[in-house]
Amino acid sequence: MTVQQSPADRPPNEPFTDEYFQNPYETYAWLRARHPVYRTRLPLGDGHVWLLSRYEDVRSALADPRFSSSVERAGEGFRNSGLAYGAGGALERSLSKTDPPDHTRLRTLATKALTVRRMESWREPVQRIADRLLDGLDPNNPLDVLADFGSPFAMTVLCEVLGIPLADHSVVRRWVEVMSSADPAERKQIPDAMRELERRATELIAMKRAHRTDDLLSDLVFARDAGNQLSEIELLAMLEGLIVAGHKTSVDLIGNGLLALLDHPAQKELLQSRPQLIEPAVEEFLRYDGPTANSLWRFTTETVRVDGVDIPPGETVLLLLASANRDARRFSDPDSLDIGRKDTSHLGFGHGVHRCLGAALGRLNGRVAVSTVLDRFPTIQLAVPRGSIRYRRSILLRALEELPVRLQA
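Residues numbered from 1 in each chain as written. Predicted model: local features only at pLDDT ≥ 70, side-chain atom pairs only at ≥ 80, totals over all residues. Heavy atoms only, no water.

> Outline the nonpolar core, listing residues and values.
In terms of nonpolar packing, the biggest core is built from 81 residues, with Phe149, Phe153, Leu216, Leu220, Leu271, Phe285 and Leu403 touching the most fellow members. Among the elements that take part in this core, helix H13 (residues 232–263) stands out by supplying 15 residues, more than any other. When near neighbours in sequence (up to four residues on either side) are disregarded, leucine 271 contacts Leu261, Leu277, Ile278, Ala281, Ile339, Val370 and Leu374. With 24 residues, the next largest nonpolar core counts Tyr20, Trp30, Val49 and Ala293 among its residues. (Core = buried A, V, L, I, M, F, W, Y, C linked by side-chain atoms within 4.5 Å. Buried < 20%, exposed > 50% of the residue type's maximum accessible area, 1.4 Å probe, protein only. Helix = DSSP H or I, 4+ residues; strand = E, 2+ residues; numbered from the N terminus. Contact = heavy atoms within 4.5 Å.)

Take a look at the structure:
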């Protein structure tokens, strides 16, 4: 069967409204309890989208090939909405937007570069970058931990790991912010921002091909598998995809994680007294209020039945990762922050073939940034009333606009 909601049968905050972006969790709870398969308007345009909110449904859909990641499978409503960022550019060929068998080949080549040795080599530079940036902060004055530490930290790490000159960080940062925004005015800037990034990425790839250096981008340029290697357009897509996933999500993991601890002083004190808990703490940040609120768009290739509801072919589907991570059917006391939680099977980095390729770096960034901030500034506190904290209107990300703090009480 299909489903129709009456005008009276609506969640407390309709998805994609200002109220929803500030507090989606009340809406998620309503969806899981009342309409785990919910059809609503797309945030832009005149099309519709189906929202899946329960853990088992979201996890299954992430691994179900009938939910395609390719925009070629999208219906007219989505195509006309202005939400298909990357259309016509290299990003259409990124891992997150391709299906097997192309996805399998691309991921195999990418994992040739993401070796254990490479991942282990990141630890020291990531810690060094965090220390240097924190050394430059004035602990006696309020600051925005995102703009003054989180963003430059994540971008510097990304540039060092990939081998991108630091002079390019502002262009990359702005492009990621535009791409993740739900603001129509900002989204109009996407084509220009993408062309600018693509031009510079092309130059960087040519530079690495001519002079190989010890960085991830060089490893991707020269990665081979059974005689195959990434084409020029695939390299561009891979580089742009890693930049998108690597910067903003790391910033938001740091910001959301620190805010969660400030909201839960007992958990903050526990982590400070037992710093070895930082690994499960980061997993709990990813579950409790992680940086990735939703999956990238999915498109049904045939009729799919979920919880007794038929979703027709060619429909747009959004998998609510943040809702799944608060599902009481899967997690005990899901609305509480518990940095010692044993069950870490959250969907913060996705699941299945599209599981985040940069998860190891994201985790490392979160562990180093949060633990170093707490070690350096154990009395860190909010510099504004909690009620004034605002979240960005981002479709895919759970992202603070800013996080004003006092590093010293």
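That was the structure; now back to the text.
> Explain the packing of aromatic side chains to me, using residue names and the numbers behind them.
Remark: the centre distance and the inter-plane angle together describe each pair of aromatic rings, the angle taken between the planes. Tallied over the entire structure, the rule returns nine aromatic pairs. Each ring, one from tyrosine 20 and one from phenylalanine 21, has its centre 5.6 Å from the other, and the planes form 70°; the classification is edge-to-face. The two residues tyrosine 20 and phenylalanine 21 agree in class, both being buried. Seen in terms of ring centroids, tryptophan 30 and tyrosine 38 are 5.9 Å apart; in terms of plane orientation they differ by 90°. Their pairing is edge-to-face. Assigned by exposure class, tryptophan 30 and tyrosine 38 land together as buried. Aromatic ring contacts, followed pair by pair, group Phe16, Tyr20, Phe21, Tyr25 and Tyr28 into a single cluster. Seen from the ring of tyrosine 25, arginine 326 lies directly overhead, with NZ or CZ sitting 3.8 Å from the centre. The lysine or arginine in question, arginine 330, covers the ring of tyrosine 55, its NZ or CZ lying 5.3 Å from the ring centre. (Phe/Tyr/Trp six-rings, centres within 6.5 Å; stacked < 30°, edge-to-face > 60°. Lys NZ or Arg CZ within 6 Å of the ring centre and 35° of its normal.)

> Describe the environment of valine 368, listing the residues and the values that go with them.
Tracing the backbone shows valine 368 in helix H17 (residues 359–376). In this structure the C-alpha to C-alpha distance between valine 368 and threonine 98, which are 270 residues apart in sequence, comes to 32 Å. Residues within four places of valine 368 in sequence aside, it is in contact with Val126, Gln127 and Ala130.

> Quick rundown of the sheet that holds strand E4 (residues 143–144)? Include the residues and the values.
Judged by pairing direction, the sheet is antiparallel, and its three strands sit side by side in the order E4-E12-E11 without closing on themselves. Of all the strands in the sheet, just E4 and strand E11 (381–382) have a single pairing partner and so form its edges. Bridging between E4 and strand E12 (residues 404–406) involves two bridges; their strand directions are antiparallel. The residue of E12 that forms the bridge with aspartate 144 is proline 404. (Pairing = 2+ DSSP bridges.)

Remember that the coordinates give geometry; whether it matters functionally is a separate question.
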